[in-house]
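# Observations on the model geometry
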Amino acid sequence: MYLGKNNLQNEYVTWKLGRKNDTWFHAKDLHGAHVIITTPDPDEQLIRDAAMLAAWYSKGRFSSSVPVNYCLVKQLKKIPGSKGSFVSLSTYKTIYIDPDAAYIQQLIDEHMVHQK
């Protein structure tokens, strides 16, 4: 899983690291993170985890029921002439997530353990 937290990182994870069949996540209509899952056919828990990260690292962090859009990278188009990492989506799904600080910390702690 890749996470971009600003325009430069979002651009990099979406267009340099993301492959056409990877799954992309972003909080709907909010400034925030781009999250990429590289696992083919992600299960519901992985989708929820990626959506949780996208919601947490967005302007919706302290909201409830944050809509997070997701689709395959191949369904994204860069918006010509736009600043930052703005994209349009041709086909996507939406999941609603309640951002949870404790769960985000758990995801971070588990990830750090796997890297040791």
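The structure this text deals with has already been given above.
So, a few notes on the structure that sits alongside this text. Numbers given for residues are sequential positions, taken from 1 along each chain in its written order. For this predicted model, a pLDDT threshold of at least 70 governs which residues receive local features, and a threshold of 80 or more governs which side-chain atom pairs are given and counted, while totals over whole chains, interfaces and linings are taken from all residues. Think of the side-chain values as coming from all heavy atoms in the structure, minus any hydrogens and water.

For our purposes a nonpolar core is just a set of buried Ala, Val, Leu, Ile, Met, Phe, Trp, Tyr and Cys residues, chained together by side-chain atoms within 4.5 Å. Burial here depends on accessible area, computed with a 1.4 Å probe over protein chains only, as a share of the maximum for the residue type. Under 20% is buried, over 50% is exposed, and the range in between is partly exposed. If you look at the biggest cluster of nonpolar residues, it comprises 21 residues, and the most contacted ones within it are F25, V68, I95 and I104. At the level of secondary structure, the elements contributing two or more residues to this core comprise β2 (23-27), β3 (34-37), α2 (44-56), β4 (66-72), β7 (93-97) and α3 (101-115). Helix numbering and strand numbering both begin at the N terminus, where a helix is a DSSP run of H or I of at least 4 residues and a strand a DSSP run of E of at least 2. At 8 residues, α2 tops the list of elements feeding residues into this core. Here, two residues are considered to be in contact whenever any of their heavy atoms come within 4.5 Å of each other. Filtering out sequence-adjacent residues up to four positions away, I104 remains in contact with M52, L53, W56 and Y57. Judged by nonpolar contacts, the second largest core, of 7 residues, contains W24, I36, C71 and V73.

A word on the sheet that holds strand β1 (residues 2-4). A pair of strands is treated as paired once DSSP finds two or more bridges between them. In spatial order, the strands read β1-β3-β2-β4-β7; together these 5 strands make up an open sheet with antiparallel pairing. Of all the strands in the sheet, the pair left with one neighbour each is β1 and β7. Within the sheet, the average angular offset between the axes of one strand and its neighbour, ignoring direction, is 25°. Axis definition: a line fitted to C-alpha atoms, over the contacting stretch in the case of helices. Angles run 0 to 180 degrees between N-to-C directions. Strands in contact with helix α1 (residues 7-17) are β1, β2 and β3; relative to β1, the strand with the most contacts, it is inclined by about 145°. Sitting on the sheet, α2 touches β2, β3, β4 and β7, and the angle it makes with β7 is about 70°.

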